[in-house]
Amino acid sequence: MSAWLLLIGAILSEVTATLSLRGALDHSALYVVVVAGYALSFGFLALVLRRGMGLGVAHGIWAACGVVLTAILSALLFGEAFTVPKASGIVLIAAGVAVVEIGSHRARGTVDARSDGSDGSDGSGGSGGSDAADAPHAPGALGAAAPARRREDA
């Protein structure tokens, strides 16, 4: 199953759980759906990550689609207000997810260009002491720790 189909499953499970949480206020039996939905959603999300989708992209799309679908469906199912500011927020969320997705593709292209030797190097990235911090797949290299290592080496 593709990462995108699994991500759709994660989104739908999360939205179902969230809507059931609202419904459980009146029907306590729905708490079973809440727990199962969130567990299923996180399970799907883990499978998405295992298939190689970036965490920022997967979580961004998952969260944004969850917010949008929950806002729309809660208006339909529970009669919650659907105002112009709420609709504007949905448009901004969609734009933000698009920017994250575009940024992810550009970053992936940069990493691919560095690793395939097209930058004139031997493909090992060997131009200095901070290469392990630059490589997202390097053992022990964490994105947050990489800039700190570079400053210490400088």
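From a predicted model like this one, the values you see are computed outputs, not experimental measurements. (Residues numbered from 1 in each chain as written. Predicted model: local features only at pLDDT ≥ 70, side-chain atom pairs only at ≥ 80, totals over all residues. Heavy atoms only, no water.)

### Focus on the side chain of Glu14
For Glu14, the position within the fold is in helix 1 (residues 3-23). The contacts of Glu14, once residues within four sequence positions are left out, are Gly37, Tyr38, Ser41, Trp62 and Gly66. (Helix = DSSP H or I, 4+ residues; strand = E, 2+ residues; numbered from the N terminus. Contact = heavy atoms within 4.5 Å.)

### Points about the packing of helix 1 against helix 3 (residues 55-78)
Where helix 1 contacts helix 3, the two axes come as close as 9 Å, and the packing angle between them is 40°. With respect to each other, helix 1 and helix 3 are oriented oblique. Both helix 1 and helix 3 take part in a crossing whose hand is right-handed. Facing helix 1, whose interface residues are Trp4, Leu7, Ala10, Ile11, Leu12, Glu14, Val15, Thr18, Leu19, Arg22 and Gly23, helix 3 presents Ala58, Ile61, Trp62, Cys65, Gly66, Leu69, Thr70, Leu73, Ser74, Leu77 and Phe78. A breakdown of the residues in the contact of helix 1 with helix 3 according to their chemical character gives 15 nonpolar, five polar and two charged. (Axes fitted to C-alpha atoms, helices over the stretch in contact; angles between N-to-C directions. Parallel < 35°, antiparallel > 145°, perpendicular 65-115°, else oblique. Left-handed = near helix turned anticlockwise from the far one by under 90°. Nonpolar A, V, L, I, M, F, W, Y, C, P; charged D, E, K, R; others polar.)

### Some points on the packing of aromatic side chains
The relative placement of two aromatic rings is captured by the distance of their centres and the angle of their planes. All told, the structure shown has one aromatic pair when counted by the stated rule. Judged by centre distance (5.7 Å) and plane angle (55°), the rings of Phe42 and Trp62 are tilted. With Phe42 in helix 2 (residues 31-50) and Trp62 in helix 3, this residue pair connects regions lying 20 residues apart in the sequence. On the basis of relative accessible area, Trp62 is assigned to the buried category, the value being 10%. Cation over ring: Arg22 sits above Phe78, and NZ or CZ is 4.7 Å from the ring centre. (Phe/Tyr/Trp six-rings, centres within 6.5 Å; stacked < 30°, edge-to-face > 60°. Buried < 20%, exposed > 50% of the residue type's maximum accessible area, 1.4 Å probe, protein only. Lys NZ or Arg CZ within 6 Å of the ring centre and 35° of its normal.)

### Looking at the confidence of the model for the protein chain
Taken residue by residue, the protein chain gives an average pLDDT of 78. The fraction at 70 or more is 69%. Taking the mean pLDDT of every element in the protein chain, the minimum, 39, falls on helix 5 (residues 131-134) and the maximum, 98, on helix 2. The model gives residues 118-154 a pLDDT under 50, and that stretch makes 27 contacts with residues more than four places away or in other chains. (pLDDT = per-residue confidence, 0-100.)

### With respect to the nonpolar core
Membership of the largest hydrophobic core comes to 16 residues, with the highest contact counts inside it found for Leu7, Ile11, Leu45, Val48, Met53, Ile61 and Trp62. Of all the elements in the fold, those that place two or more residues in this core are helix 1, helix 2 and helix 3. Looking at this core, the element that brings in the most residues is helix 1, giving seven residues. Beyond its immediate sequence surroundings of up to four residues, Val48 is in contact with Ala3, Leu6, Leu7, Met53 and Ala58. (Core = buried A, V, L, I, M, F, W, Y, C linked by side-chain atoms within 4.5 Å.)

### Considerations on the packing of helix 2 against helix 3
The packing of two helices is summarised by the inter-axis angle and the distance between the axes. The interhelical angle for the contact between helix 2 and helix 3, taken along N-to-C directions, is 150°, at an axis separation of 10 Å. Like other packed secondary-structure pairs, helix 2 and helix 3 cross with a definite hand, here right-handed. In this structure, helix 2 uses Ser41, Phe42, Leu45, Val48 and Leu49 to contact helix 3, whose residues at the interface are Leu55, Ala58 and Trp62. Residues belonging to the contact of helix 2 with helix 3 are distributed by class as follows: seven nonpolar, one polar and no charged.

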